[in-house]
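Coordinates in review
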Amino acid sequence: MGLWMEWEVAGIAAAGEDVLDTEGAARALDLSIDRIRERAGLNVTQDRMLFHEAVEARRRLLAEGHTAVHEGRPWSVVVGNVRVSLTPADHV
């Protein structure tokens, strides 16, 4: 399929990359969130909040995002400080 994925954790980090599908986007998000949680120096409350926001963003990516991009539509979600956007390759 091919997607352009952008993600951001407000005030901490942001990136974009090509992924094959929504499962690849979920893996990329997981890796990025894990790195942030390891390196950003978050306190316990911030870490837990980021974890829960990322879990919800991932859940929605695999449900709503999957449906949207298979229909050829761009999709995005904001959950707290976590933002994820997917754009089918033919829309980039």
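The text that follows walks through the structure, step by step, so that each part is easy to find. Because the structure is a prediction, the values reported are computed rather than measured.

1. Re the sheet that holds strand S2 (residues 13-19)
What links the strands of a sheet is backbone hydrogen bonding, and the strands pair in either a parallel or an antiparallel sense. Sheet architecture is open: 4 strands sit in the order S2-S1-S4-S3, paired in antiparallel fashion. Strands with a single pairing partner mark the edges of an open sheet, and in this sheet they are S2 and strand S3 (75-79). Sheet twist, expressed as the mean angle between neighbouring strand axes with direction ignored, is 10°. By the bridge criterion, 5 bridges tie S3 to strand S4 (residues 82-88) in an arrangement that is antiparallel. From the neighbouring strand, valine 77 faces S4, where its bridge partner is valine 84.

2. Some points on the pattern of salt bridges
Taken as a whole and judged by the stated rule, the model has 6 salt bridges. Linking glutamate 8 and arginine 83 is a salt bridge whose minimum nitrogen-to-oxygen distance equals 3.3 Å. Of the two residues, glutamate 8 is situated in strand S1 (residues 3-9) and arginine 83 in strand S4; the sequence distance between them amounts to 75 residues. We classify glutamate 8 as partly exposed; its relative accessible area is 27%. Aspartate 30 is paired through a salt bridge with arginine 58; the nearest N and O atoms lie 2.8 Å apart. You can see aspartate 30 sitting in helix H1 (residues 22-39) and its partner arginine 58 sitting in helix H2 (residues 44-70), a full 28 residues away along the chain.

3. A look at H1
Structurally, the α-helix is built with 3.6 residues per turn, so residues lying three or four positions apart point the same way. Helix length check: H1, at 18 residues, gives a terminal C-alpha distance of 26 Å against a target of 26 Å (1.5 Å per residue), a fit within 8%. Turning to H1, its buried residues number three or more, namely Thr22, Gly24, Ala25, Ala26, Ala28, Leu29, Ser32, Ile33 and Ile36. Contact partners of the buried residues in H1: S1, S2, H2 and S4. Its side-chain oxygen 3.3 Å from the backbone nitrogen of glutamate 23, aspartate 21 forms the N-cap of H1. Phi turns positive one or two residues past the end of H1, at glycine 41, with a value near 70°.

How each quantity is defined
Residues numbered from 1 in each chain as written. Predicted model: local features only at pLDDT ≥ 70, side-chain atom pairs only at ≥ 80, totals over all residues. Heavy atoms only, no water. Pairing = 2+ DSSP bridges. Helix = DSSP H or I, 4+ residues; strand = E, 2+ residues; numbered from the N terminus. Axes fitted to C-alpha atoms, helices over the stretch in contact; angles between N-to-C directions. Salt bridge = Lys/Arg side-chain N within 4 Å of Asp/Glu carboxyl O. Buried < 20%, exposed > 50% of the residue type's maximum accessible area, 1.4 Å probe, protein only. Expected span 1.5 Å × (residues − 1). Contact = heavy atoms within 4.5 Å. Polar contact = N/O pair within 3.5 Å; in protein donor to acceptor, adjacent residues only side chain to side chain.

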